[in-house]
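Commentary on secondary and tertiary structure
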Amino acid sequence: MTGVEQSMLPAHWASSPLVANNASEADSVMATPFPFSAIVGQEDMKLALMIAAIDRSIGGVLVFGDRGTGKSTAIRALAALLPRMNAVAGCRYNCDPASGSAVCSDCKTARDKGPLKTRQIEVPVVDLPLGATEDRVVGTLDLERALSHGEKAFEPGLLARAHRGFLYIDEVNLLEDHLVDVLLDVAASGENVVEREGLSIRHPARFVLVGSGNPEEGELRPQLLDRFGLSVEVRTPGDLATRVDVVRRRDDFERDTAGFIAKWQKQEAKLRRRIVAGRARLASVNVADAALERAARLCIALGTDGLRGELTLIRAARAFAALEGDESVGDAHLRRIAAPALHHRLRRNPLDDAGSTVRVERAIAELFGP
Amino acid sequence: VSDRSADPTDTDAAWAAALFAVDPSGLGGVSLRAAFGPVRDGWLAGLRDLLPSEAAVRKLPLNVSEGRLLGGLDLTATLSAGRPVADRGFLAEADGGVILVAMAERLPVMIAAHLAAALDAKMIATERDGLSARLPARIGIVALDEGIAEDERPPAALLDRLAFHVELGAKATLDRSGARIDRLAIEGARTLLPKVRISEEILRTLCAAGLALGVDSIRGTQLAVQAARVAAALDGRHNVNEDDAALAAGLVLGPRATRIPAEAEEDAGDAEPQESPPPSDPAEPDDGKLDETEQPLLDRLPEDMVLAASAAAIPAGLLAQLKTRGTAAKQSRAAGRAGAFAQGSGRGRPAGIRSGMPGKGARLNLIETLRAAAPWQGVRRAAASSGERLSRATERCIDVRRDDWRVTRLKQRSESATIFVVDASGSSALHRLAEAKGAVELLLADCYVRRDRVALIAFRGKKAELLLPPTRSLVRAKRSLAGLPGGGGTPLAAAIDTAKDLADALRRKGQTPVIVLLTDGRANVTREGKGSRAEADAEALSSARQLRGLGLTTILVDTSPRASAAAERLAQECAAQYLALPQADAVSLSRSVQSATATARGAGSAQRRSVS
């Protein structure tokens with residue numbers, strides 16, 4: 001019971017707020033995530049998440065689809081899959097020691113004095129739960145110090161915690177409008193600014209936005225939709241064998257969690273190695289002019305607004321090539337990634353009965369041949 | 001387990017209570033559709049008898065605030081203690097117990113999302129008022145659904161996670177003799193449950209039954225598997241047998257059925273059953289042949305026992321509806337009333353809190369303002385006392401500054417809802433129907449930026465039907481429209497009546513309905529479904545006059561190739577704006593409607609201002 005009481009305290013009382021969401025801290029309340037590699041089917045969703053893990057600049061993943069398709073399961077599973085990363089020791093924002101500009105003011109000062117100490121941390125995958133208040137998202141006054149000692153100190157919020165990691169919003173279409181505004185602003189600038197009664201804080205907040213939701217509960221604001229690099233639609237599997245697999249694995253997992261995790265450890269390690277190798281290869285993947293032209297043609301044919309679509313398409317294709325171990329981006333990569341990268345950017349044409357994914361596929365078939 | 005009585009509902013309800021009592025958080029809960037009264041109270045009392053005495057049963061009021069539900073800063077305690085004191089919140093307090101959700105059919109979609117999140121994670125994540133917490137919340141939910149109309153259901157996101165959907169008739173007597181279960185048996189089953197195994201074969205059977213019944217969400221099947229394991233545990237066995245599976249299928253899968261198994265066989269090869277478009281069969285469906293075809297087909301299926309059990313539990317009404325309405329029934333069930341809940345009840349219910357200045361329609365929220373101010377008290381006092389000495393009186397005051405101000409955001413009452421009433425009869429040319437569909441979709445694309453809603457009523461043959469309840473969702477709109485067939489008679493009076501009722505209901509929720517009637521005005525089917533042109537015309541005109549009585553903005557779009565006198569007359573009778581658009585395409589149609597809607601909204605808000 002004491003454990004429960006304690007966890008109700010502000011996060012930094014129980015443990016460092018920066019790692020409260022990490023599995024390593026063994027927060028007894030957090031449920032063990034289902035292994036990523038054990039998720040049956042849903043290849044588009046898994047691929048999009050892995051691509052975002054390889055190239056963070058792609059700009060987030062949106063998973064939209066039917067109820068009960070394991071959307072949240074996959075995203076929460078990602079945390080356990082990602083390799084650990086370097087961070088400045090003692091930095092409350094987990095600043096990257098290798099980064100030149102995107103560090104907090106503390107690290108800037110410290111760097112002038114000498115080399116920074118580093119430590120290995122897990123990549124944060126932070127949940128932004130529905131009903132979160134704005135002060136907890138952007139950070140606010142440290143309650144304990146303010147109330148007990150009358151001190152003004154900044155308590156970092158979820159955006160700080162998600163820096164260099166992933167920020168996950170389940171039911172993203174139910175998120176309050178003013179929180180969406182905050183997210184859009186911070187995601188665009190990569191920096192969180194808090195100005196309030198003498199508190200003046202700015203710290204880097206670069207995170208990969210991951211959202212999931214069910215389109216039947218309402219649509220997403222176009223500005224927010226555009227901010228996601230990749231968007232995938234998930235559907236309930238309709239064939240018996242897949243469904244049996246899904247139910248069986250879930251049942252196994254719930255009955256013997258430790259045993260299940262152990263059984264899938266090898267697969268998880270394999271997947272992790274692929275991601276690590278993909279990251280290493282990413283910079284050397286060659287994007288030929290021909291591939292750039294192909295991508296541009298596709299975007300023109302589809303009439304996507306702005307350059308963001310084209311840029312995302314190329315980046316995603318490159319990350320996909322890196323993941324596959326290929327040396328250069330070819331038609332096969334563009335084909336595979338075009339729908340997730342583009343279909344949510346199409347101007348809505350309600351008179352066209354075909355879904356946006358179908359329109360992308362049609363355009364591909366016309367340009368690249370069947 | 002096998003001695004289920006002839007009247008399935010009563011024993012089903014008792015079985016649901018028994019299984020749920022063994023594993024409340026594993027099974028999610030029960031949606032209990034019953035009117036308030038002794039029958040429901042009896043069921044609840046029975047459930048309480050079965051639950052362990054230490055398990056709390058708490059009632060969640062419909063108007064619970066997000067702050068109370070999730071916890072946050074306890075304002076009074078914080079101010080008096082001078083240090084942050086947390087309010088654990090309703091969900092965390094209910095850990096290990098059961099939550100009764102009163103009037104679940106009116107539950108706001110946001111609250112349902114929180115309940116769903118707690119059911120999924122078995123814990124609650126709170127990031128509020130400067131507090132961050134992860135607390136266990138292993139809860140079971142009993143959703144007390146008092147809905148009467150078909151589409152008055154708890155939010156779909158919640159229903160999907162509750163294993164049992166039980167319907168209690170007003171006269172149902174709860175017969176628990178069939179179950180013969182007491183608290184001792186429940187406790188025994190709880191101990192045994194983790195050891196219960198389920199064979200590949202039975203797992204497969206349940207999955208197949210789920211598919212055959214069109215239970216799209218895989219969660220339904222998962223819950224059925226868990227229910228089968230609980231049933232085995234209750235019977236004191238380590239292995240799930242066919243009886244357990246049959247019981248679970250009947251209780252969990254049956255009420256979720258969206259098609260009868262006979263249909264499932266025909267398109268068993270279909271990889272994505274939820275995508276299969278409804279057959280647009282212009283002929284009137286024949287109710288008579290239903291009973292002849294259903295039974296023999298059931299017997300032929302390999303997993304006949306489990307399937308038969310689930311099919312028997314399909315509500316009788318649903319079966320008929322599925323036959324007559326095709327997938328329309330399925331869609332309205334699957335989508336629940338999410339659209340209607342998303343906007344909350346427009347009647348002044350707070351839609352959220354944000355920081356900002358009161359005024360311009362925003363009301364100061366005193367509690368939230370104090371909560372925001374609380375952490376700063378020490379800091380401000382210290383700053384103030386260093387400057388000047390405080391009198392005793394000011395020292396005890398709470399220092400609130402402009403940054404602390406919180407206002408309650410109320411849903412805009414001027415939200416407009418456009419009700420399209422589309423003539424899909426044979427007399428309206430079919431290409432007109434396509435244009436009407438296009439206009440609805442165009443408007444909707446616009447509406448979702450403007451946060452307006454669109455509803456669709458179609459009429460043809462003998463009746464008018466609400467194809468699309470008020471929604472902003474393009475996805476749902478497209479699906480409903482795609483399935484709209486044309487042909488048959490013109491039951492104009494029935495259509496106007498349906499639109500009138502819907503508009504009235506929307507207005508009661510504080511919205512501004514606008515009716516757009518697309519027809520050629522040539523009625524030929526009466527309200528009773530009789531084919532008589534003269535009578536039908538008279539009825540339509542009288543319905544139109546009643547519509548005028550409501551004083552709504554109405555637009556009549558004449559869809560006949562040349563302007564028709566009948567349509568113009570009808571427009572006059574219901575005081576509608578008449579638009580003859582012989583060459584109209586979807587774009588110009590939607591533009592006309594938009595300008596009219598804007599006028600209506602202006603008029604609506606002016607009217608409200610004068611009232612308040």
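Just above, that's the structure.
To start, this report covers the structure provided alongside it.

Criteria and cut-off values
Residues numbered from 1 in each chain as written. Chains lettered and ligands numbered in written order. Predicted model: local features only at pLDDT ≥ 70, side-chain atom pairs only at ≥ 80, totals over all residues. Heavy atoms only, no water. Pairing = 2+ DSSP bridges. Helix = DSSP H or I, 4+ residues; strand = E, 2+ residues; numbered from the N terminus. Axes fitted to C-alpha atoms, helices over the stretch in contact; angles between N-to-C directions. Buried < 20%, exposed > 50% of the residue type's maximum accessible area, 1.4 Å probe, protein only. Core = buried A, V, L, I, M, F, W, Y, C linked by side-chain atoms within 4.5 Å. Phe/Tyr/Trp six-rings, centres within 6.5 Å; stacked < 30°, edge-to-face > 60°. Contact = heavy atoms within 4.5 Å. Disulfide = S-S within 2.5 Å.

Some words on the sheet that holds strand β1 (residues 61-65) of chain A
All names here are of chain A. The parallel open sheet is built from 5 strands, whose spatial order is β4-β7-β10-β1-β11. Each end of this open sheet is capped by a strand with a single partner; those strands are β4 (125-127) and β11 (230-234). Sheet twist, expressed as the mean angle between neighbouring strand axes with direction ignored, is 20°. The sheet contact formed by β1 and strand β10 (residues 208-213) spans 4 bridges and is parallel. Opposite Val-63, over in β10, you have Ser-212 as the bridge partner.

Some details on unusual backbone geometry
Even without being a glycine, Arg-164 of chain A presents a positive backbone phi close to 70°. Secondary-structure assignment places Arg-164 of chain A in the loop between α8 (158-161) and β7 (166-169). Positive phi is not limited to glycine here, since Met-103 of chain B has a value of about 45°. Among the secondary structure elements, Met-103 of chain B is positioned in the loop between β5 (98-101) and α7 (109-121). For Met-103 of chain B, a relative accessible area of 33% gives the class partly exposed.

Overview of the nonpolar core
In this structure, Phe-36, Leu-49, Ile-51, Phe-166 and Leu-313 of chain A are the most contacted members of the largest nonpolar core, which totals 67 residues. Counting 65 residues, the second-largest nonpolar core is a separate cluster that includes Leu-19, Leu-193, Val-196 and Leu-223 of chain B.

Regarding the pairing of strand β1 (residues 29-33) of chain B
All names here are of chain B. Most of β1 is tucked away: 5 of the 5 residues are buried. In β1, alternate side chains face the same way, and those of Gly-29, Ser-31 and Arg-33 on one face and Val-30 and Leu-32 on the other are all buried. Summarising the sheet, β1 and strand β8 (residues 140-145) pair through 5 bridges and their orientation is parallel. Bridging across to β8, Val-30 finds its partner in Val-142. One ladder, built from 4 bridges, connects β1 with strand β9 (residues 164-167); its direction is parallel. If you follow Ser-31 over to β9, its bridge partner there is His-165.

Regarding the packing of aromatic side chains
All names here are of chain A. Counted under the stated rule, the structure contains 4 aromatic pairs over all chains. Ring centres of Phe-260 and Trp-264 lie 6.1 Å apart, and the angle between their planes is 45°; this geometry places the pair in the tilted category. With a gap of 4 residues between them, Phe-260 and Trp-264 both fall in helix α12 (residues 257-282), about one helical turn apart. The class of Trp-264 is buried, set by a relative accessible area of 12%. Pairwise contacts between aromatic rings join Phe-34, Phe-253, Phe-260 and Trp-264 into one cluster.

Focus: the environment of Thr-140 of chain A
On the secondary structure map, Thr-140 of chain A appears in strand β5 (residues 140-141). Spatially, the C-alpha atom of Thr-140 of chain A lies 8.4 Å from that of Ala-153 of chain A, the residues being 13 residues apart in sequence. In this view, Thr-140 of chain A contacts Asp-135, Ala-153, Phe-154 and Glu-155 of chain A together with Gly-130 of chain B; residues no more than four positions away in its chain are not counted.

Notes on the state of the cysteines
Residue and element names in this part refer to chain A. Applying the stated criterion to the full structure yields 0 disulfides over all chains. Between Cys-91, a cysteine without a disulfide, and Cys-107, which holds the nearest cysteine sulfur, the sulfur-to-sulfur distance is 3.6 Å. The thiol sulfur of Cys-104 is not disulfide-bonded, and the nearest other cysteine sulfur, from Cys-95, lies at 3.6 Å. Accessibility expressed as a relative area gives 2% for Cys-104, which makes it buried.

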